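Below are the chains, spelled out letter by letter.
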Amino acid sequence: MVFLSLVASHSQLDLETVAQISASADGLAAASVNGSAAINGAVVLATCNRFEVYADVDHVEDAAEHLVSELASSTDLSPDFLARRLTTLEGDPVIEHLFSVGAGLDSAVVGEREIAGQVRRALTQAQQEKTTTSNLTRLFQNATRAAKDVGSNTDLGTQGKSVVSVALDLAEELMDGDRAWAEQDVVLFGTGSYAGATMALLKERGVARISVYSSSGRAADFTAKRGGFPLTDELLPQALREADIIVGCSGGGHQLSRVELESLRVKNHPLVAIDMALTHDFDPTLAQLPQVELITLESVRMAAPTEQAMAVHAASRIVKNATAEFAAAQREREADFAIVALRQHTKAVLDAEIAKVRAQHGCSAAAEEVELAMRRMVRQLLHVPTVRARELAGEGRTSEYVSALETLYGLELAQPEPAMPQPAQPEASCPAVPETKTA
């Protein structure tokens, strides 16, 4: 078993593309599990600014190729594009990445509080769709546990905010003090899930006049579901003339230029431009225009109350420790089949010898004492090999342990051994001596 993850987030792709991939997440886990023998289970984490799929696989290359193919079939993106732009992680890096994501350490605003709940919901959905495995369930449960530890032991858990909420806090400081949110005219660029979250937060603050523009022409559908007024290319210029706040959430490639905005703006009309797109919806030189204030992701990072070196360092240490503990526990489980095989082999030998003692001595007290002594001796003999199995597995040396058992005992351990049947008991057998009995 190997953990595999394909990752697309705000740090790699424009938000419109991430949103396009996330919108195609429904059914991906089930299609991947049912369509490939290399994939045992899959959990999809799709949020406003990230898309990630976690898989429990037997063959990384085959599984990754199948996941990309399934994703491409449900989007307008080619497999080659997805293969180039998605980050592929395997093994222990998958564990650390998910733990960091759940703790908010991989977010644009470090310590944001929403992501931990999204990680929990991703696992719940996979369990409902029956696409997860015991390994993936443990992975996500431990990610949630690590996030809780970060929340209870660092300042990140109590002060975390989302990217958009911090940006709107900054905008509020720059707004005309005589005008409340309810009086602001807002133009929102983008129609993805990130734009949807922004729309919801604007409404929470009381904004009533929100116009939405999308170069892809999806504004009408977006506003029909979430409210607001859709803008066409013809209506956009007038909306920009009247806007008090513009928010960029698309990153779709079309950038509002300084020259374009300057030609539209009414003199002395203040404007706050919030650019949340990694590839910039707004020309960075907009900030040089009079009465225009520009807020970018970098502004948000610098203003976020959770961006404190000590808190981040402490949270990172918690995540690294949790990652190491979980990875070691997973490796130890890899030795379980070898431990079971050794115990089954030893038990078969023990039961055969006890049967001989019973056949020779019957149900005498001496026979019972011999049986008890033999069981106690076997438990003691198995203790060290069992401990060593887990120690070696934790060091990634399970193959050495398996090789030793095969050499010493002649066992075949390529696959977990089925439980061995109990040997037939003589007719005049004695009652079995409980293994928990002590001398």
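Structure's up top.
Residues numbered from 1 in each chain as written. Predicted model: local features only at pLDDT ≥ 70, side-chain atom pairs only at ≥ 80, totals over all residues. Heavy atoms only, no water.

Q: Go over the packing of helix 9 (residues 163-174) against helix 10 (residues 193-204) with me, naming the residues and quoting the values.
A: With their axes 10 Å apart at the nearest point, helix 9 and helix 10 run at an angle of 45° to one another. In terms of axis orientation, helix 9 runs oblique to helix 10. Read as a crossing pair, helix 9 and helix 10 show a hand that is right-handed. Between helix 9 and helix 10, the contacting residues are V163, V164, S165 and L168 on the first element and Y194, T198, L201 and L202 on the second. For the contact of helix 9 with helix 10, a count of residues per class yields six nonpolar, two polar and no charged. (Axes fitted to C-alpha atoms, helices over the stretch in contact; angles between N-to-C directions. Helix = DSSP H or I, 4+ residues; strand = E, 2+ residues; numbered from the N terminus. Parallel < 35°, antiparallel > 145°, perpendicular 65-115°, else oblique. Left-handed = near helix turned anticlockwise from the far one by under 90°. Contact = heavy atoms within 4.5 Å. Nonpolar A, V, L, I, M, F, W, Y, C, P; charged D, E, K, R; others polar.)

Q: Help me get a handle on the sheet that holds strand 8 (residues 245-248), residues and values and all.
A: As summarised here, the arrangement of the six strands in space is 7-6-5-8-9-10, forming an open sheet in which the pairing is parallel. Only two strands of the sheet have a single neighbouring strand rather than two, namely strand 7 (229-231) and strand 10 (292-296). Averaged over all neighbouring strand pairs, the angle between strand axes comes to 20°, with direction disregarded. By the bridge criterion, three bridges tie strand 6 (residues 209-213) to strand 7 in an arrangement that is parallel. Considered in strand 7, the bridge of Y213 is made with L231. Relative to strand 7, helix 11 (residues 219-226) is tilted by about 170°, and along the sheet it contacts strand 5 (185-189), strand 6 and strand 7. (Pairing = 2+ DSSP bridges.)

Q: Account for the pattern of salt bridges, with residues named and values stated.
A: Following the criterion strictly, the structure yields ten salt bridges and no others. Measuring nitrogen to oxygen at the nearest pair gives 2.9 Å for the salt bridge that ties R205 to D169. Here the residue R205 occupies a position in the loop between helix 10 and strand 6, and D169 occupies one in helix 9, the gap between them amounting to 36 residues. Of the residues examined, D169 reaches a relative accessible area of 24% and is grouped as partly exposed. Linking E371 and R358 is a salt bridge whose minimum nitrogen-to-oxygen distance equals 3.1 Å. Residue E371 is found in helix 17 (residues 365-394), and its partner R358 is found in helix 16 (residues 336-361); the two are separated by 13 residues along the sequence. (Salt bridge = Lys/Arg side-chain N within 4 Å of Asp/Glu carboxyl O. Buried < 20%, exposed > 50% of the residue type's maximum accessible area, 1.4 Å probe, protein only.)

Q: Would you mind going over the sheet that holds strand 2 (residues 39-46) in detail, with residue names and values included?
A: The sheet built from four strands is open, its strands ordered 2-3-1-4 with antiparallel pairing. Two strands bound the open sheet, and with one partner strand each, they are strand 2 and strand 4 (87-90). Strand-to-strand twist in this sheet, taken as the mean axis angle between neighbours without regard to direction, amounts to 15°. Lying on the sheet, helix 2 (residues 28-35) is in contact with strand 2 and strand 3 (50-57); it crosses strand 2 at an angle near 165°. Packed on one face of the sheet, helix 3 (residues 60-73) meets strand 1 (2-9), strand 2, strand 3 and strand 4 and runs near 35° to strand 1.

Q: How would you explain the packing of helix 6 (residues 114-129) against helix 7 (residues 134-153) if you had to name every residue and give the values?
A: Taken N-terminus to C-terminus, the directions of helix 6 and helix 7 make an angle of 160°; their axes are 10 Å apart at the nearest point. Taken together, the axes of helix 6 and helix 7 are roughly antiparallel relative to one another. Judged by the sense of rotation from one axis to the other, the crossing of helix 6 with helix 7 is left-handed. On helix 7, the residues that touch A116, V119, R120, A122, L123 and Q127 of helix 6 are T137, F140, Q141, A143, T144 and A147.

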